[in-house]
Amino acid sequence: MSNPFTTLALALVLALPLSAATARPSRAPQRAVNLNTASVTELMQLPRVGQKTAERIVAFRKQHGGFQRPEELMNVKGIGEKSYAKLKPYLALTAAPRAAAATK
């Protein structure tokens, strides 16, 4: 007869690789994400950016006429210096629409 503790330990050891395999892999976009043109879905491809944060980025962009500098992303609720540092390698920026409108 087997010991219940031994059976439990064996079950845990066998289940550990399965849980590690099903863990969510870290996300990284295949190419840079443009802050001034990306959709919510595209922004969600950024590491540690969920739907709510992506929606806040789009709302900030609409309210302020786009991003002039990538650092302005830190003005979005939920994105501080540490988060920005992790996102920076994946960010791209084209001229914000307000800059183009000012030249007319």
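Everything in this summary refers to the structure shown in the same document. (Residues numbered from 1 in each chain as written. Predicted model: local features only at pLDDT ≥ 70, side-chain atom pairs only at ≥ 80, totals over all residues. Heavy atoms only, no water.)

## Overview of the overall build of the protein chain
Phase 1 of the analysis: For the protein chain, the count of helices and strands is five helices and two strands.
Phase 2 of the analysis: In sequence order, the protein chain lays out its α and β elements as α-β-α-α-α-β-α.
Phase 3 of the analysis: Only carbon and sulfur atoms are counted for the fraction: they give 60% of the accessible area of the protein chain, which is about 7,500 Å². (Helix = DSSP H or I, 4+ residues; strand = E, 2+ residues; numbered from the N terminus. Areas by Shrake-Rupley, 256 points an atom, 1.4 Å probe, with all protein chains shown as cover.)

## Focus: unusual backbone geometry
Phase 1 of the analysis: Even without being a glycine, R48 presents a positive backbone phi close to 65°.
Phase 2 of the analysis: Mapping R48 onto the fold places it in the loop between α2 (40-43) and α3 (51-64).

## Some points on the environment of L91
Phase 1 of the analysis: Tracing the backbone through its elements, the reader meets L91 in strand β2 (residues 91-92).
Phase 2 of the analysis: A relative accessible area of 14% means that L91 is categorised as buried.
Phase 3 of the analysis: Beyond its immediate chain neighbours, meaning those up to four positions away, L91 contacts A32, V33, L35, L46, L73 and Y84. (Buried < 20%, exposed > 50% of the residue type's maximum accessible area, 1.4 Å probe, protein only. Contact = heavy atoms within 4.5 Å.)

## A look at α3
Phase 1 of the analysis: The end-to-end C-alpha distance of α3, which contains 14 residues, comes to 20 Å, matching closely the 20 Å that a straight helix rising 1.5 Å per residue would cover.
Phase 2 of the analysis: Listed in full, the buried residues belonging to α3 are T53, A54, I57, V58, F60 and R61. In an axial view of α3, the angular spread of the buried residues amounts to 160°, which keeps them on one side of the axis. Of the exposed residues in α3, those oriented more than 90 degrees away from the buried face are K52, K62 and Q63.
Phase 3 of the analysis: Buried residues along α3 sit against α2.
Phase 4 of the analysis: G65 lies just past α3 and shows a positive phi near 75°. (Expected span 1.5 Å × (residues − 1). Arc of directions from axis to C-beta.)

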